[in-house]
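Structural overview
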Amino acid sequence: MGHRVAIAGASGYAGGEVLRLLAEHPDIDIVAATAHSQAGASVPSVHPHLRSFSAMTFAPTTPEVLADADLVILTLPHGQSAALAARLPENVKVVDLGADHRLADAEAWASYYDGPHAGAWTYGLPELPGQRGAIAGSTRVAATGCYAAATILALAPLIAAGIARPDDVVVVAASGTSGAGKAAKPHLMATEVAGSLSPYKVGAHQHVPEIKQATGATSLSFTPVLAPMPRGILATVTARPTSASVSTEAVRDALAAAYDAEAFVHVLPEGEWPKTAATLGSNACHIQAVMDSDADRIIVTSAIDNLGKGAAAQVVQCANLMLGLPETAGLSTNGVAP
Ligand SMILES: NC(=O)C1=CN([C@@H]2O[C@H](COP(=O)(O)OP(=O)(O)OC[C@H]3O[C@@H](n4cnc5c(N)ncnc54)[C@H](OP(=O)(O)O)[C@@H]3O)[C@@H](O)[C@H]2O)C=CC1
Ligand SMILES: CC(=O)N[C@@H](CCC(=O)OP(=O)(O)O)C(=O)O
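Residues numbered from 1 in each chain as written. Chains lettered and ligands numbered in written order. Predicted model: local features only at pLDDT ≥ 70, side-chain atom pairs only at ≥ 80, totals over all residues.

1. A word on the overall build of the protein chain
Helix and strand counts for the protein chain stand at 11 helices and 14 strands. For a compact globule of 338 residues, the expected C-alpha radius of gyration is about 20 Å, and the protein chain comes in at 19 Å, within 12% of that figure. For the protein chain, the spread of C-alpha atoms along the three principal axes comes to 60 × 45 × 40 Å. Counting across all 338 residues of the protein chain, residues that qualify as buried make up 51%. For the protein chain, contacts bridging at least 24 residues in sequence account for 69% of all contacts bridging at least 6. (Helix = DSSP H or I, 4+ residues; strand = E, 2+ residues; numbered from the N terminus. Rg over C-alpha atoms; globule rule 2.2 N^0.38 Å. Buried ≥ 20, exposed ≤ 12 C-beta atoms within 10 Å, placed from the backbone. Contact = placed C-beta atoms within 7 Å.)

Take a look at the structure:
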């Protein structure tokens, strides 16, 4: 008998990916999967790729349905997690993929989100210094946003090592359309997306305060770009070096020192650049960097699957830690290709 896990919002993209991963997990049993408008539907009628769930229907999203689990995973729209989590017993562990509990600063919350600030939980990125132990010791964990995961993994070690300046960071990141969720939206119609790259929320993306909080960046320009592909994020992060002596080797060494012992974050061999296709279906993050001396900027590129390390797989990684399981259980660092 494995640990009992329930997923709220399992009819969505991220929740569906959690179901797919947990179906193969050696130490976890799924005790409930809930939905909102699609409550009552069978799982494969919503997720045709999840045939092993043919006997399961989505339950309504209520505290009563979820309270029987050892751990609850919330993959709900922003603003829906806090009230639900507050009605779950203290002894039920919770990982929230929504943004409700990511930000400590109430003012930053109010600048980017609607509704009351619910307060911050332990931030769910185990590769950040100190976070692995904190997550393992927490009953409430706020998983990261997808762009935030790609950007933080590329940037945090360089600011922490004193190599990159925190006051002049520029990020341009492209995301597949599943990052926007499953609900039909006009700008996500195939006719609008196919054959086009389009920036959106320019200078106003909600992941800016999250990235600042996790990396110590003080000035951050962030431009997200919608890309005509179902999944994947490629983030290009640039920052000024702290001194003229910063070299490509020093940048790569700092990244290697941060990630050499990590199972899912890979600093690629010199000259090999990340591509989203190599991370799909995995919990991996691929990173490469150079010092562009001509422009006096460090350039770091990172690739993840927004539904993998950017969502469902990182949630499973956190759940493993919280349940005292091997951190890599049920997860792969290998992608699906081509
Ligand atoms: N997609 C991604 O790459 C990432 C998403 N996230 C975050 O994860 C969360 C889920 O995202 P995603 O799966 O993409 O979203 P989807 O829109 O695909 O799924 C949303 C889920 O929430 C349910 N839901 C919708 N409205 C309500 C409501 N009012 N009350 C309760 N449940 C509701 C839906 O149920 P039903 O279908 O039955 O209506 C569905 O199960 C969001 O907070 C998102 O920001 C974070 C990182 C990455
Ligand atoms: C393509 C696309 O629209 N992506 C979403 C990111 C979703 C996500 O990771 O995260 P949150 O949980 O913080 O919303 C966006 O840019 O708002």
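From this point, the narrative continues.
2. Some points on the sheet that holds strand β14 (residues 297-304)
If you trace the seven strands from one edge of the open sheet to the other, you get β9-β10-β8-β11-β14-β13-β12, paired in mixed fashion. Edge positions in the sheet fall to β9 (198-199) and β12 (265-267), since each has one partner strand and no second. The sheet contact formed by strand β8 (residues 164-175) and strand β11 (residues 233-241) spans eight bridges and is antiparallel. Looking across to β11, one finds that valine 172 is bridged to threonine 236. (Pairing = 2+ DSSP bridges.)

3. Quick word on the packing of helix α1 (residues 13-23) against helix α11 (residues 308-322)
How two helices pack is summed up by the angle between their axes together with the distance between the axes. With their axes 8 Å apart at the nearest point, α1 and α11 run at an angle of 45 degrees to one another. Relative to α11, the element α1 is oriented oblique. α11 is crossed by α1, and the crossing has right-handed handedness. Each of Ala14, Glu17, Val18, Leu21 and Leu22 in α1 lies in contact with α11, whose residues at this interface are Ala311, Ala312, Ala313, Val315 and Val316. (Axes fitted to C-alpha atoms, helices over the stretch in contact; angles between N-to-C directions. Parallel < 35°, antiparallel > 145°, perpendicular 65-115°, else oblique. Left-handed = near helix turned anticlockwise from the far one by under 90°.)

4. Here we look at α11
Here α11 is 15 residues long, yet its end C-alpha atoms lie only 18 Å apart, well below the 21 Å a rise of 1.5 Å per residue gives. At glutamine 314, α11 shows its maximal kink, close to 45 degrees. Summarising burial for α11: 15 of the 15 residues are buried, a large majority. Of the residues one or two after α11, glycine 324 is the one with positive phi, at around 75 degrees. (Expected span 1.5 Å × (residues − 1). Bend = angle between axes of the 7 residues up to and from the residue.)

5. Observations concerning the sheet that holds strand β1 (residues 3-8)
Reading across the sheet, the seven strands line up as β3-β2-β1-β4-β5-β7-β6 and stay open at both edges, with parallel pairing between neighbours. With partners counted over all chains shown, the strands left at the sheet margins are β3 (59-60) and β6 (122-123), one partner each. In this sheet, strand β7 (residues 140-142) lies alongside β6 in parallel orientation, the contact comprising two bridges. By the bridge assignment for β7, tyrosine 123 is matched with alanine 142.

6. Considerations on the environment of glycine 195
Within the secondary structure, glycine 195 sits in the loop between α8 (190-193) and β9. Residue classification places glycine 195 among the exposed positions, given that 8 C-beta atoms sit within 10 Å. Each C-alpha atom of the pair glycine 195 and proline 228 lies 6.4 Å from the other, and the pair is 33 residues apart in sequence.

7. Focus on the site of ligand 1
Lining the immediate environment of ligand 1, one finds 30 residues, of which Gly12, Ala35, Gln38, Gly181 and Lys182 sit closest. Looking at the shell around ligand 1, the elements that each hand over two or more residues are α1 and α11. For the shell around ligand 1, the element with the most residues is α1, which contributes three residues. Taken together, the residues that form the shell around ligand 1 break down as 11 nonpolar, 18 polar and one charged. The residue makeup of the shell around ligand 1 includes at least three contributed by each of domain 1 (3-144 + 309-322) and domain 2 (147-306). (Near = placed C-beta within 6 Å. Nonpolar A, V, L, I, M, F, W, Y, C, P; charged D, E, K, R; others polar. Domains from an automatic or database assignment.)

8. Things to note about α1
Burial runs high along α1: nine of the 11 residues are buried. Taken together, the buried residues of α1 touch β1, β2 (28-35), α2 (43-46), β4 (71-74) and α11.

9. So, the domain arrangement of the protein chain
Split into domains, the protein chain comes out as domain 1 (3-144 + 309-322) and domain 2 (147-306). On a C-alpha basis, the centroid separation for the pair domain 1 and domain 2 is 24 Å. On the side of domain 2, 27 residues touch domain 1, which itself brings 22 residues to the contact. Those elements that place two or more of their residues in the side of domain 1 that touches domain 2 are α5 (106-112) and α11. Looking at which element gives the most residues to the side of domain 1 that touches domain 2, the answer is α11, with six residues. Grouping the constituent residues of the side of domain 1 that touches domain 2 by class yields 13 nonpolar, five polar and four charged.

10. Some remarks on the packing of helix α7 (residues 146-160) against α11
With their axes 8 Å apart at the nearest point, α7 and α11 run at an angle of 100 degrees to one another. The angle between α7 and α11 places the two elements in the roughly perpendicular class. Contacts between α7 and α11 pair Cys146, Ala149 and Ala150 from the former with Lys309, Gly310, Ala311 and Gln314 from the latter. Residues belonging to the contact of α7 with α11 are distributed by class as follows: four nonpolar, two polar and one charged.

11. A closer look at the site of ligand 2
If you check the shell around ligand 2, you find Gly98, Ala99, Gly145, Cys146, Ser175, Gly179, Ala180, Gln206, His207, Pro224 and Leu226 and nothing else. Looking at the shell around ligand 2 residue by residue, the class counts come to five nonpolar, six polar and no charged.

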